[in-house]
Amino acid sequence: MNLYSQNLDDTLFNESCNCFTNNLTGQVNLELCLGTSSSIFQDNEIEIFAQIIEDYNIDTTLTSITDLQFLDEFIDEWVIGKLKNLTERLIFECTSFYEYIDSVVDNTDYIKELVPMDSAMAIKRIPVFTELIDNDLGYTQTFTQRGSLFLLLGETEKAISDFNKALELDSTNTSAISFLGFTHLMEKNYSEAEIYFDALYDLTGEMGLLMFRSLMIRRQLDTK
């Protein structure tokens, strides 16, 4: 990594970490603190543009330098790389960020977030999905939905089994992958949770999943 790229990484990290540290006594605004990266990218637009051309060995003589559309793919990849690095550094090197995220995750009722239904309704609906499955109508979403109801009722092993069966039918079922990630998180199976958050990121590209993935790695190290 060249000096400019390293300096930019350090600036992104320092600004974001300082935001969390300075707001610990009040209400931390997650989007605001992580959003500092956007203004830094904007302030360094020309330098970043030149750096991308250098990093990817782009021959700008092949097209008009004023037409930036051909660079969009490279720009997106470069920026995502910076944000990945920022997320990992914040989890591992910024105490205020790690403690804040760790607390938020621990105090979030993911079952309620993932399955917005009461137990009575879940008990009524499980036989419906079971009948479909018993009659060989168990499509991938059928297993996912029944698994989510088992999860709500605290029958974790049955839930995991259904989510895995859903993935056997469709390995790209993002709902099943998400449920598995958060189920293993709640069960403190951090290595398993990391695998599913990583897989979900590969399928969706949602940046927030990188935070969960890095948090799972950090928790694995902390529990050794």
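Residues numbered from 1 in each chain as written. Predicted model: local features only at pLDDT ≥ 70, side-chain atom pairs only at ≥ 80, totals over all residues. Heavy atoms only, no water.

(A) Spotlight on the overall build of the protein. Secondary structure summary: the protein contains 13 helices and zero strands in total. Evaluated residue by residue, the protein yields a buried proportion of 39% over its 224 residues. Sequence-distant contacts in the protein: of pairs separated by 6 or more residues, those separated by 24 or more amount to 60%. When the accessible surface of the protein is totalled, it reaches about 12700 Å², and 50% of it is carbon and sulfur. (Helix = DSSP H or I, 4+ residues; strand = E, 2+ residues; numbered from the N terminus. Buried < 20%, exposed > 50% of the residue type's maximum accessible area, 1.4 Å probe, protein only. Contact = heavy atoms within 4.5 Å. Areas by Shrake-Rupley, 256 points an atom, 1.4 Å probe, with all protein chains shown as cover.)

(B) Structural context of the packing of aromatic side chains. Counted according to the given criterion, the structure contains eight aromatic pairs. Where Phe 182 meets Phe 212, the ring centres are 5.2 Å apart and the plane angle is 80°; that geometry is what we call edge-to-face. One end of the pair, Phe 182, is in helix H11 (residues 174–186); the other, Phe 212, is in helix H13 (residues 208–222), with 30 residues separating them in the sequence. A single burial state applies to Phe 182 and to Phe 212, both of which are buried. Taken together, Tyr 110, Phe 182, Phe 197 and Phe 212 form an aromatic cluster joined through their ring pairs. (Phe/Tyr/Trp six-rings, centres within 6.5 Å; stacked < 30°, edge-to-face > 60°.)

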